[in-house]
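# Results of the structural survey
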Amino acid sequence: MAREQVTEILAEMVANVMSVAVSPGDAVAAGDTVVLLESMKMEIPVIAEAAGTVRGVKVGPGDVVQEGDVLIELLLG
């Protein structure tokens with residue numbers, strides 16, 4: 001049985017979560033926006049770097065995230 005390959009999509013800066021575009025179980029393609037952050041009045045889309053299935057969503061709208069915080073867990077494949 002193959003091991004699941006899970007990757008984490010992390011916040012790259014301190015920001016507010018404006019919206020979350022995915023839910024657990026959703027399929028995403030590389031390049032899809034999964035979360036929209038706001039920092040210093042700029043909107044910053046967070047992009048999936050690989051295709052997979054959303055395993056977990058760790059943030060919600062209105063949350064404040066720090067650099068390195070886990071936003072999304074993605075099961076690759």
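Summarised in this report is the structure supplied together with it. All values reported here derive from a predicted model rather than from experimental measurement.

### Focus: the overall build of the chain
A count of helices and strands for the chain gives zero helices and eight strands. What you see in the chain, going N to C, is helices and strands ordered as β-β-β-β-β-β-β-β. Taken against the 2.2 N^0.38 rule, which gives 11 Å for 77 residues, the C-alpha radius of gyration of the chain at 12 Å falls within 12% of a compact globule. When its C-alpha atoms are laid out on the principal axes, the chain stretches across 45 × 20 × 15 Å. Looking at the chain as a whole, 31% of its 77 residues qualify as buried. Partitioning the contacts of the chain with sequence separation of at least 6, the portion at a separation of at least 24 is 56%. Total accessible area on the chain is roughly 4800 Å²; 51% of this is exposed by carbon and sulfur atoms. Charge centroids of the chain, computed over 4 positive and 12 negative side chains, lie 6 Å from each other.

### A few points about the pattern of salt bridges
The final tally for this structure, using the stated rule, is two salt bridges. Arg55 is paired through a salt bridge with Glu4; the nearest N and O atoms lie 3.6 Å apart. Here Arg55 is found in strand β6 (residues 52–57), whereas its partner Glu4 is found in the segment before β1 (6–10), with 51 residues between them in sequence. Among the salt bridges present, the one from Lys58 reaches Glu73, with a minimum N-O distance of 4.0 Å. In this pair, Lys58 is assigned in the loop between β6 and β7 (64–65) and Glu73 in strand β8 (residues 70–76), connecting sequence segments 15 residues apart.

### Some details on the pairing of β8
Two strands pair when backbone bridges link them, and β1 and β8 are joined in this way by five bridges, in the antiparallel orientation. Within β8, the residue paired with Ile9 across the bridge is Ile72. One ladder, built from five bridges, connects β6 with β8; its direction is antiparallel. Within the sheet, the bridge partner assigned to Gly52 lies in β8 and is Leu76.

### Some details on unusual backbone geometry
With phi around 55°, Met40 is a residue other than glycine that occupies positive phi space. By secondary structure assignment, the location of Met40 is in the loop between β4 (33–39) and β5 (42–47). If you check the backbone angles, Lys41 has positive phi at about 65° while not being a glycine. By the secondary structure assignment, Lys41 is in the loop between β4 and β5. Relative accessible area serves as the criterion here: at 81%, Lys41 is assigned to the exposed category.

Criteria and cut-off values
Residues numbered from 1 in each chain as written. Predicted model: local features only at pLDDT ≥ 70, side-chain atom pairs only at ≥ 80, totals over all residues. Heavy atoms only, no water. Helix = DSSP H or I, 4+ residues; strand = E, 2+ residues; numbered from the N terminus. Rg over C-alpha atoms; globule rule 2.2 N^0.38 Å. Buried < 20%, exposed > 50% of the residue type's maximum accessible area, 1.4 Å probe, protein only. Contact = heavy atoms within 4.5 Å. Areas by Shrake-Rupley, 256 points an atom, 1.4 Å probe, with all protein chains shown as cover. Lys, Arg positive; Asp, Glu negative; His and termini not counted. Charge placed at Lys NZ, Arg CZ, Asp CG, Glu CD. Salt bridge = Lys/Arg side-chain N within 4 Å of Asp/Glu carboxyl O. Pairing = 2+ DSSP bridges.

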